Amino acid sequence: MISKYLAEAIGTFFLVFIGAGTVIASNNVLAVAIAFGLTLMVMVYATAHISGAHINPAVTAAMWATNRMQSREAFVYIISQLIGAIFAGVFLLAIYPSQPLNLGATVLAEGLSLGAGTFVEAVLTFMLVFVVFAVAVDNKAPKSIYGAAIGLTLTAGILMGGLLTGAALNPARAFGPAVAAWHWSNHIVYWIGPIVGGIVAGLVYSKFFLKKKKR
């Protein structure tokens, strides 16, 4: 089990370190989308055979809600992901002690309400987790493409929502830089939106698209 938790921590570390690091280095939505998408793709391929490559508390919550994980395992997965994200934030702080752009912490666009931001995060995370279930959970899907499909989905989500909410689609991605920069502006958005969107996506896919096992 330790190897699973360590894989989740490492995968989340690199997702946040590379992704938030790109926010600091370029603050260009296309560059950020590509950085996050490529890193997630690589980490999914690298860790899927070890831990299932959740690398996101929203994915873990969806797995738990659809009875694919026990509560204790899901809890430790999420703690591992948050630890990896915190380490990424701390490493970024060591590189950028002046904390430019709050170390890549997610923020809502000026004028965007808390509710609208939560809705954007929920809808985009629904898409991400729906794709995870479609290509990685569903046994009918070709397994060779799951990493690319998941990574490209994150890229698309950031291209749409990056300028609105930062498009975390992942509580850990928001949490790590927030801890390091101690920047908590509207942070609740990045927990409620992704967790709700992820759970709903998992339940919808399981209910309507997964083939029922014969008794």
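Look up a bit, the structure's there.
Residue positions are given per chain, counting from 1 as you read along its sequence in written order. Totals for whole chains, interfaces and linings use all residues, but because this is a predicted model, local features are given only for residues with pLDDT of at least 70 and pairs of side-chain atoms are given and counted only at 80 or more. Think of the side-chain values as coming from all heavy atoms in the structure, minus any hydrogens and water.

Caption draft 1: Seen up close, the packing of aromatic side chains. Only Phe, Tyr and Trp rings are paired, with Trp represented by its six-membered ring, and only when their centres lie within 6.5 Å; those with planes under 30 degrees apart are stacked, over 60 edge-to-face, the remainder tilted. For the structure on display, the rule yields 14 aromatic pairs. Ring geometry for phenylalanine 126 and phenylalanine 130: centres 5.9 Å apart, planes at 15°, overall stacked. Of this pair, phenylalanine 126 and phenylalanine 130 are both found in helix H5 (residues 114-137), 4 residues apart, which corresponds to roughly one turn of the helix. A relative accessible area of 23% places phenylalanine 130 in the partly exposed class. Among the aromatic residues, those joined into a ring-pair cluster are Phe126, Phe130, Phe133, Tyr205 and Phe209. Helical segments are the DSSP runs of H or I of at least four residues, strand segments are the runs of E of at least two, and each set is numbered from the N terminus. Each residue's exposure class comes from its accessible area (1.4 Å probe, protein chains only) as a fraction of the maximum for that residue type: buried when under 20%, exposed when over 50%, partly exposed otherwise.

Caption draft 2: The arrangement of the pattern of salt bridges in detail. For salt bridges, the criterion is a side-chain nitrogen of Lys or Arg within 4 Å of an Asp or Glu carboxyl oxygen. Throughout the structure, instances matching the rule amount to 2 salt bridges. Across the pair lysine 4 and glutamate 73 runs a salt bridge whose closest N-O atoms are separated by 3.7 Å. In this pair, lysine 4 is assigned in helix H1 (residues 2-25) and glutamate 73 in helix H4 (residues 71-95), connecting sequence segments 69 residues apart. Overall, lysine 4 belongs to the partly exposed group, its relative accessible area being 26%. Here lysine 140 and aspartate 138 are joined by a salt bridge, their closest N and O atoms 3.0 Å apart.

Caption draft 3: Molecular detail of the side chain of threonine 125. The residue threonine 125 is located in helix H5 in this model. Since its relative accessible area comes to 0%, threonine 125 is described here as buried. Residue contacts for threonine 125: discarding those within four places in its chain leaves Ala58, Leu169, Pro194, Gly197 and Gly198. Residue contacts are defined here by distance: any two heavy atoms, one from each residue, within 4.5 Å place the two residues in contact.

Caption draft 4: Structural view of the packing of helix H3 (residues 57-65) against H5. Throughout, an axis means a line fitted to C-alpha atoms (over the contacting stretch in the case of helices), and angles, computed between N-to-C directions, take values from 0 to 180 degrees. Relative orientation of the contacting elements H3 and H5 amounts to 60°, with a least axis distance of 10 Å. Considering their axes alone, H3 and H5 lie oblique with respect to each other. In the packing of H3 onto H5, the handedness of the crossing is right-handed. Between H3, through Ala58, Val59, Ala62 and Met63, and H5, the contact on the second element is made entirely by Thr125, Val129, Val132, Phe133 and Val137. Angle categories are assigned with fixed cut-offs, so that under 35 degrees is roughly parallel, over 145 is roughly antiparallel, 65 to 115 is roughly perpendicular, and the rest are oblique. Each crossing gets its handedness from the near helix: less than a right angle anticlockwise from the far helix is left-handed, clockwise is right-handed.

Caption draft 5: Focus on helix H2 (residues 29-51). Along H2, the helix axis deviates most sharply at tyrosine 45, where the bend reaches about 40°. Those residues of H2 lying buried are Val32, Ala33, Ala35, Phe36, Gly37, Thr39, Leu40, Met43, Val44, Thr47 and Ser51. Where H2 terminates, the next one or two residues include glycine 52, which has phi positive at roughly 90°. Note on bend: the value at a residue is the angle between axes fitted to the seven residues ending there and to the seven starting there.

Caption draft 6: How the structure looks around a nonpolar patch on the surface. Note that patches include only residues with greater than 30% relative accessible area and no salt bridge, and the join distances are 9 Å for like charges and 5 Å for nonpolar side chains (Val, Leu, Ile, Met, Phe, Trp, Tyr). Per-residue and other accessible areas follow the Shrake-Rupley method at a 1.4 Å probe size, with only the shown protein chains counted as cover for residues. Together, Phe75, Ile79, Ile83, Phe87, Val90 and Phe91 make up a nonpolar patch on the protein surface, roughly 560 Å² of accessible area in all. Here isoleucine 83 lies in helix H4. For isoleucine 83, a relative accessible area of 40% corresponds to the partly exposed category.

Caption draft 7: Quick peek at the environment of glycine 37. Considering the arrangement of structural elements, one finds glycine 37 in helix H2. With a relative accessible area of 4%, glycine 37 lands in the buried category. For the pair glycine 37 and valine 135, spaced 98 residues apart in sequence, the C-alpha separation works out to 16 Å. Discounting residues that sit within four places of it in the chain, glycine 37 has contacts with Gly151, Leu154 and Thr155.

Caption draft 8: How the structure looks around the nonpolar core. Counting 35 residues, the largest nonpolar core has Ile150 and Leu154 as the members making the most contacts within it. Within the residue set of this core, elements represented by two or more residues are H1, H2, H3, H4, H5, helix H6 (146-161) and helix H8 (189-208). For this core, the element with the highest residue contribution is H5, accounting for 9 residues. Among all residues touching isoleucine 150, those that are not within four sequence positions of it are Leu40, Val44, Leu128, Val131, Val132, Val135 and Ala136. What makes a nonpolar core is a set of buried Ala, Val, Leu, Ile, Met, Phe, Trp, Tyr and Cys residues whose side-chain atoms join them at distances within 4.5 Å. One finds Phe13, Ala20, Ala85 and Leu92 within the second-largest nonpolar core, a separate group that totals 13 residues.

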